[in-house]
Amino acid sequence: MVTREAFHAAYDAWKSASDEHKLRMEATKQGLPLDVDRMNQRLAEIERLHEDWMRKAEPFVIRKPKE
């Protein structure tokens, strides 16, 4: 069973990684070099973290009955 704490921790991990990626991209736009291999690794990690968060969110989803 997924706890709310685990759900929140998964969200925080995804959000932190996403925010870090955004900052790195802003720095790249300002002229800092881009490590494409590292960026691709980080994007794969962000995707994995998002999938984990979504799995952990499932028990907390309120579904409307179909009409």
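Counting restarts for each chain, with residues numbered from 1 along the sequence as it is written. pLDDT decides what is reported in this predicted model: residues at 70 or higher carry local features, side-chain atom pairs at 80 or more are listed and counted, and totals for whole chains, interfaces and linings draw on all residues regardless. Only heavy atoms go into the side-chain values, all of them from the structure, while hydrogens and water stay out.

Student: Whenever I open this one, helix 2 (residues 36–57) confuses me. Can you help?
Tutor: Every α-helical turn comprises 3.6 residues, leaving residues that sit three or four positions apart pointing alike. Look at helix 2: 31 Å from first C-alpha to last across 22 residues, which is about the 32 Å you get at 1.5 Å a residue. Only protein chains enter the calculation, and the probe is 1.4 Å; a residue is then buried if its accessible area is under 20% of its type maximum, exposed if over 50%, and partly exposed in between. Put simply, DSSP H or I for four residues or longer makes a helix, DSSP E for two residues or longer makes a strand, and each gets a number counted from the N terminus. For helix 2, the set of buried residues is M39, R42, I46, L49, D52, W53 and A57. Relative to the axis of helix 2, the buried residues are bounded by an arc of 140° and lie together on one face. Along helix 2, the residues that are exposed and aim more than 90 degrees away from the buried face are D37, Q41 and R55. In what follows, residue pairs with any heavy atoms lying within 4.5 Å of each other are defined as contacts. At its buried positions, helix 2 is contacted by helix 1 (4–29). Pairs of N or O atoms are called polar contacts if they sit within 3.5 Å, as long as, within protein, a hydrogen donor faces a hydrogen acceptor (for residues adjacent in sequence, only side-chain-to-side-chain pairs). Two to three positions downstream of the cap, the backbone nitrogen of D37 sits 3.3 Å from a side-chain oxygen, assigning the N-cap of helix 2 to D35. Multiplying one less than the number of residues by 1.5 Å gives the expected span of a helix. Throughout, the arc means that of the directions going from the helix axis to the C-beta atoms.

Student: Hey, could you run me through the packing of aromatic side chains in this one?
Tutor: How two aromatic rings sit relative to each other is given by the distance of their centres and the angle of their planes. Within 6.5 Å between ring centres, the rings of Phe, Tyr and Trp (the latter by its six-membered ring) count as paired, and their orientation is classed by plane angle as stacked under 30 degrees, edge-to-face over 60, tilted in between. Applying the stated criterion across every chain yields a total of four aromatic pairs. Look at W14 and W53: their rings are 4.8 Å apart centre to centre, the planes differ by 20°, and that puts the pair in the stacked class. Taken together, the residues W14 in helix 1 and W53 in helix 2 connect sequence positions 39 residues apart. By the burial criterion, W14 is buried, and W53 matches it. Through pairs of rings, three or more aromatic residues link up here, namely Y11, W14 and W53.

Student: I tried to follow the layout of surface pockets on my own but got confused; where do I start?
Tutor: One way to see where empty space is left: roll a probe the size of a water molecule over the atoms. Detection works on a 1 Å grid of protein atoms alone, calling trapped sets that fit a 1.4 Å probe cavities and calling open sets with protein on both sides within 12 Å along at least five of seven lines pockets, with lining residues defined by an atom within 4 Å of a point. Grid points are joined across faces, edges and corners, and a volume is the space filled by probe spheres set on the points. The calculated volume of the largest pocket comes to roughly 190 Å³. In terms of lining, the largest pocket is formed by 13 residues, of which the most central are R24, T28, L34, D35 and R38. Mapped by element, the contributors of at least two residues to the lining of the largest pocket are helix 1 and helix 2. Class assignment of the residues belonging to the lining of the largest pocket gives a composition of six nonpolar, two polar and five charged. Polarity classes work like this: nonpolar for Ala, Val, Leu, Ile, Met, Phe, Trp, Tyr, Cys and Pro, charged for Asp, Glu, Lys and Arg, and polar for all others, with Gly in that last group.

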